[in-house]
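# Remarks on the overall topology
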Amino acid sequence: MSAVLVMPLLMMASCGKAAVPPFTQYSEYAVCAANVDDAADVKWATYLKSHFQKRATDKDCIIAAKAADASQLQVNVDLDPSMSTDYAVERDDQHITLRARTTEAMLWLQYQFMAAASEQDARFTTDDLPAAVLSCTQDTAGTFAFEYRGIYSPSNTNADLMPILGTHNVDFDWGLWGHNLRKVFTDGIPQEAYALVGGNRDSEQFCFSSEALYKAYENYVIDQYGEGNNDEIVRFAVMPNDNSIVCMCAACRAAGNTAASATPAVTKIVERLARRFPKHQFFTSSYTTTAIPPTHRLPDNVGVLVSTLALPLQTKMNGSTAEQRKFETTMKSWKNVSRHIYVWDYMRNFDDYITPYPCMEHIKTRLQYFKKMGVDGVFYNGSGYDYASFDDVQTYVIAQLMLNPDADITQLVSHYYDKAYPVTASIYTDYYLSLEQKAKQATLNPYSGIGEAVRMYLDADALENFWHKLDGGKGKAVDTERRNINEMLTALAFTRLELLRLQPKAPSAEKKNELLSLLSAHTAFKDLNNYRESFGEVDKYIAEWRTSSPWLINNGNKLRGTSITSTTKLDPEYADLSVLTDGKAGFASDYHTGWLLNSSAQLSLTAPQGKLSGNSTLQLTFLQAPQWHIFAPASVEVWQGGKLIGKTMPVANEGRNSVKVMLSGVKISAPVEIKVNKAERSGRATIAVDEIEVM
C-alpha cells in the first residue's frame, strides 16, 4: 500500500471501518510490547511509555500494562523486520498497534503517534515536536519514498529532532562528506597525493592513484568508524575537489584518465575502499570531472551522488527539455553500473539566502521525477547553518515530501504553521502560499539577485504588507514564536533594502537609515551573520550602504538616460543595457544588481551621435571580484569613424574601479564605439561594467 494525503494528515483509507473514538475518550494509555518475548518490542514499548509520559501533564495516564477494560486504549509496539512496508498503524476502538520494519521507522512512527494524540488530548504537550502527518485514527501503512533524506539547512541541525522528522544531515550521518577529502590526512598532505598536471603537482586537486591517499583514507575509516557492522550504515564520499583539474600522472593515465575525466582513477580507489570495508558504503559523484560513469558494474556497497546543478529548477519535469533528457540519460547510465543512486539537489538561492525563495512546488515535482527514475536517496543543499527566510516551514515540507512526494503542500504548510505559530499562523500561511502560487510556473535560479526574484514572483508591496502584518501580530506571540518573528522581521530588512536598490530614485535618508538600523540588530541572532553562500557578511553589506549610495549625483553626465546599444552577443541574464546609463551604481558585494556582465572576449558598446563632442572625458567603472571569476578588462578603447581616439588600461584593485579615457576631437554628428577587451585568463572569466559617464 502507498500512503496518500487526506485532510489534513497523511493516512491510508480506512477500509470501510467506522471512525474510532477520539483519544480524549480514554482514561489511560496502556503501552506494552506486541510480543513480550521479543527484546526489541519490549525495548521500544519502554521507550514509548517513557517519552509519552514526559509530555503528559498527568503522568498516571500512561501505564505499562495490558488494558484492563474499554476505558483504556491498548497501545501495542511491534518491530517486525519482515514487514512489506516501512510502517503500519492498525486501529480499532480499543487497540492501536504501531508496527515498523526498522528502528529508524519505529522512532519516527512513535513520535507521529505522540504528536497526533496531543492534537486531540490536552493532557499532553508536544511543542517540541513537529506537526504530525499521521492521524493514527485509522488503519494506515506506507513505505518511505527514499532511504536517505538529507536536508542541509539551519532548521535541520538538531540531532535529536532529525529522526523524529525523518531526516538526515550530512554533517551528522556521513563518515566523510562531499569535497572534504583533506580531512583524511592527519599529518599534512604529501606531494605525491596531489594531482600531477603539466609535469607539476597541483595542490588544488588530488591524485586518486596515490597510495598515500588510499592509506590515509583507509586509516581514517579504521580510526573513526572501524570495520562497520550490519546494524548501522556509515556512508563515505570520495570526490575530487570542485574544479576541472584532472591528474595525468602515469598511474592515472594507465587507469584511463583523460584531460577532462577523472572517473577511471576515482572509480578505482572507490572500489578498492569498498572491497576493504564491505560493511560501509562509499559514494563517488557525477559532477564535473566525474560526470562520465564507469563502464563496468560497481560493487553493491558503492553508490553515486548525481548533481542536479545543470537541471533547471522547474515544475514541469516530463523530459520535454534538452536538460531533462540529458539528465535522464546520465541517470540511466549510472543505474547500469551502480546499485545506489542518490541525487544532490538544491533548495536555496545561494546568492541571497534571505529573500523568500518559494521552491516547494518545484521540489515536489522533482521528487516525484526522481522516484520514478529509481533514485533511492536525496540530499537537499540549503543554507547550512545560515538563516534563510521560511527555512523552518520549507524544511518541514521537504521532510514530508521525501517520505511521500504526493503529499499536499498547501495542507502541510497550513498544518505546520497552525502548530508552530499559533498566533500568526494565518499571516505566515497566506503569504507563503501566495509566493508558491506566483513562483509555480517560474524557472528558479540558484544563483540570482533581487531583480530576478521580482521578475519571477516577488511583489514589493506584498512583501511590505506581510512585514507590517507580522510586526503588528507579534505582540501576542510568546517564546519561540515571538523570537522567530523578530528574526524574520530583522532579516527581511535586507530584502527591503535590496528592493530599494531597484528603485530609480533614492529613498529618503530616514527610510534608508530605518532599515539599516533594523538590519544591524542581526547580531542578536546567532545564525543571521551571512546573507549568501560566500563573501556575504551582513555587516559588510550594511557598511557598503553607509559608505556609498546606489544613486549617483548627476554632475552633468551627458549619457544619463541615453540608450546604449551593442553588437556583441549579450549574456541572456544580463541583456539590459540601461544599467549603464541609469544613474545607479552597483555594489562591489553584488554583481547581480546595477552591473552588466559579459563573457565575450570583447564587449562593443555604442553611444548614439549627438551626445559627445569636442574634448570629453569618458568614465567607466568595472568590478574586480576574482571569487566570482569577474575581472577588470585588459583595455578600453574608444573609436569613431574607424579611428581610435582614446585608450586606457584599467587598474585591477579588488572591488569597484573607475577609469577615465581622455578623448579629443569627437564629432557630435557620429556615434562613438566603446570596446572593452577582456583580459586573457585560463578558465571562466567575466567582465562587469557599471555606469558609463561623459563629463
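Whatever comes next refers back to the structure up there.
Residues numbered from 1 in each chain as written. Predicted model: local features only at pLDDT ≥ 70, side-chain atom pairs only at ≥ 80, totals over all residues. Heavy atoms only, no water.

### With respect to the overall build of the protein chain
Of regular secondary structure, the protein chain possesses 17 helices and 26 strands. Expressed as lengths along the three principal axes of its C-alpha atoms, the size of the protein chain is roughly 105 × 65 × 45 Å. A buried classification covers 56% of the 695 residues belonging to the protein chain. As displayed, the protein chain offers around 29100 Å² of accessible surface, 50% of which is attributable to carbon and sulfur atoms. One finds the centroid of the 67 positive side-chain charges in the protein chain at a distance of 7 Å from the centroid of its 79 negative side-chain charges. (Helix = DSSP H or I, 4+ residues; strand = E, 2+ residues; numbered from the N terminus. Buried < 20%, exposed > 50% of the residue type's maximum accessible area, 1.4 Å probe, protein only. Areas by Shrake-Rupley, 256 points an atom, 1.4 Å probe, with all protein chains shown as cover. Lys, Arg positive; Asp, Glu negative; His and termini not counted. Charge placed at Lys NZ, Arg CZ, Asp CG, Glu CD.)

### Let's talk about the side chain of S307
For S307, the location among the structural elements is in strand 15 (residues 302–307). Within the local environment of S307, its side chain forms a polar contact with the backbone nitrogen of L309, the two atoms lying 3.2 Å apart. A polar contact of 3.2 Å, which involves the side chain of S307, links it to the side chain of Y346. When neighbours within four sequence positions are excluded, S307 is seen to be in contact with S286, Y287, F327, W344 and Y346. (Polar contact = N/O pair within 3.5 Å; in protein donor to acceptor, adjacent residues only side chain to side chain. Contact = heavy atoms within 4.5 Å.)

### Some details on the sheet that holds strand 19 (residues 596–598)
Judged by pairing direction, the sheet is antiparallel, and its four strands sit side by side in the order 19-26-21-24 without closing on themselves. Single-partner strands in this sheet number two, and they are strand 19 and strand 24 (655–666). Going from strand to strand, the sheet's axes swing by 30° on average, the running direction of each strand aside. Relative to strand 26 (residues 687–694), strand 21 (residues 614–624) runs antiparallel, the two sharing four bridges. Bridged to Q619 within strand 26 is E693. (Pairing = 2+ DSSP bridges. Axes fitted to C-alpha atoms, helices over the stretch in contact; angles between N-to-C directions.)

### Brief notes about unusual backbone geometry
Non-glycine residue D479 carries a positive phi angle of around 50°. Along the polypeptide, D479 turns up in helix 15 (residues 479–502). Judged by relative accessible area, which is 66%, D479 ranks as exposed. For H629, which is not glycine, the phi torsion reads 60° and is therefore positive. By secondary structure assignment, the location of H629 is in the loop between strand 21 and strand 22 (635–640). Judged by relative accessible area, which is 30%, H629 ranks as partly exposed.

### Quick notes on helix 7 (residues 263–276)
When the terminal C-alpha atoms of helix 7 are compared, their 20 Å separation across 14 residues agrees well with the 20 Å that a helix rising 1.5 Å per residue should span. Those residues of helix 7 that sit buried are T263, A265, V266, T267, I269, V270, E271, L273 and A274. For helix 7, the secondary structure elements touched by its buried residues are helix 5 (211–225), helix 6 (250–255), strand 14 (281–286) and strand 15. (Expected span 1.5 Å × (residues − 1).)

### Quick notes on empty space enclosed by the protein
According to the stated counting rule, one finds five cavities of 30 Å³ or more in the structure shown. Size it by volume and the largest cavity reaches roughly 60 Å³. What lines the largest cavity is a set of 14 residues, among which D351, F494, E498, Y531 and D590 lie closest to the centre. In terms of residues, the lining of the largest cavity owes the most to one element, helix 15, which gives three residues. When the residues that make up the lining of the largest cavity are grouped by side-chain class, the tally is four nonpolar, four polar and six charged. (1 Å grid on protein atoms, 1.4 Å probe; cavity = no way out; pocket = protein on both sides within 12 Å on 5 of 7 lines; lining within 4 Å. Points joined across faces, edges and corners; volume = space filled by probe spheres on them. Nonpolar A, V, L, I, M, F, W, Y, C, P; charged D, E, K, R; others polar.)

### Observations concerning the environment of P299
The topology assignment puts P299 in the loop between strand 14 and strand 15. Using a relative accessible area of 21% as the deciding quantity, one classes P299 as partly exposed. Along the primary structure P299 and Q281 are separated by 18 residues, whereas in three dimensions their C-alpha atoms are 9.8 Å apart. If we skip the residues at most four places from it in the chain, P299 touches E271 and A274.

### Brief notes about the pairing of strand 12 (residues 200–206)
Across four bridges, the pairing between strand 11 (residues 194–197) and strand 12 is antiparallel. Its bridge partner being in strand 12, Y194 is matched across the sheet by F206. If you look at the hairpin formed by strand 11 and strand 12, you'll find two residues sitting between the two strands, and G198 has a positive phi there, around 60°.

### Here's the deal with the nonpolar core
Ranked by size, the top nonpolar core spans 161 residues in total, and within it Y29, F113, Y217, F370 and F390 carry the most contacts. In terms of residues, this core owes the most to one element, helix 2 (residues 103–120), which gives 11 residues. When sequence neighbours within four positions are dropped, the list of residues in contact with F113 reads F23, Y29, L48, F52, V75, I96, L98 and C136. Grouped together as the second largest cluster of nonpolar side chains are 36 residues, I564, L603, V659 and V694 included. (Core = buried A, V, L, I, M, F, W, Y, C linked by side-chain atoms within 4.5 Å.)

### What about the sheet that holds strand 14?
Taking strand neighbours across the sheet as the criterion, the seven strands line up as 9-17-16-15-14-13-10 in an open arrangement whose pairing is parallel. Every interior strand has two partners, whereas the edge strands, strand 9 (148–152) and strand 10 (174–176), have only one. Within the sheet, the average angular offset between the axes of one strand and its neighbour, ignoring direction, is 25°. Alignment of strand 15 against strand 16 (residues 340–346), held across five bridges, turns out to be parallel. When the bridges of strand 16 are listed, G303 appears paired with H340. Against the sheet, helix 7 touches strand 14 and strand 15, its axis set at about 165° to strand 14.

### Let's talk about the environment of M331
Take M331: it is sitting in helix 8 (residues 322–335). On the accessibility criterion, M331 (1% relative accessible area) is buried. Considering only alpha carbons, one finds M331 and T85, 246 residues apart in sequence, at a separation of 26 Å.

### What to know about the pattern of salt bridges
One pass over the full model with this rule turns up 24 salt bridges. Residue R149 pairs with E104 through a salt bridge whose shortest N-O separation is 3.6 Å. Placement of R149 in strand 9 and of E104 in helix 2 is noted, with a sequence separation of 45 residues between them. Since its relative accessible area comes to 34%, E104 is described here as partly exposed. Close ionic contact of E537 with K540 constitutes a salt bridge, the shortest N to O distance being 3.9 Å. Its relative accessible area of 57% is what places K540 among the exposed residues. Among the charged side chains, a network of salt bridges with common partners joins D78, D80, E90 and R99. (Salt bridge = Lys/Arg side-chain N within 4 Å of Asp/Glu carboxyl O.)

### With respect to helix 9 (residues 360–372)
Its 13 residues place the ends of helix 9 18 Å apart at the C-alpha level, agreeing with the 18 Å of an ideal helix rising 1.5 Å per residue. Summarising burial for helix 9: 10 of the 13 residues are buried, a large majority. Within helix 9 the residues assigned to the buried category are M360, E361, H362, I363, K364, T365, R366, L367, Y369 and F370. Against the buried residues of helix 9 lie helix 8, strand 16, strand 17 (377–381), helix 10 (391–403), helix 11 (409–420) and helix 12 (425–439).

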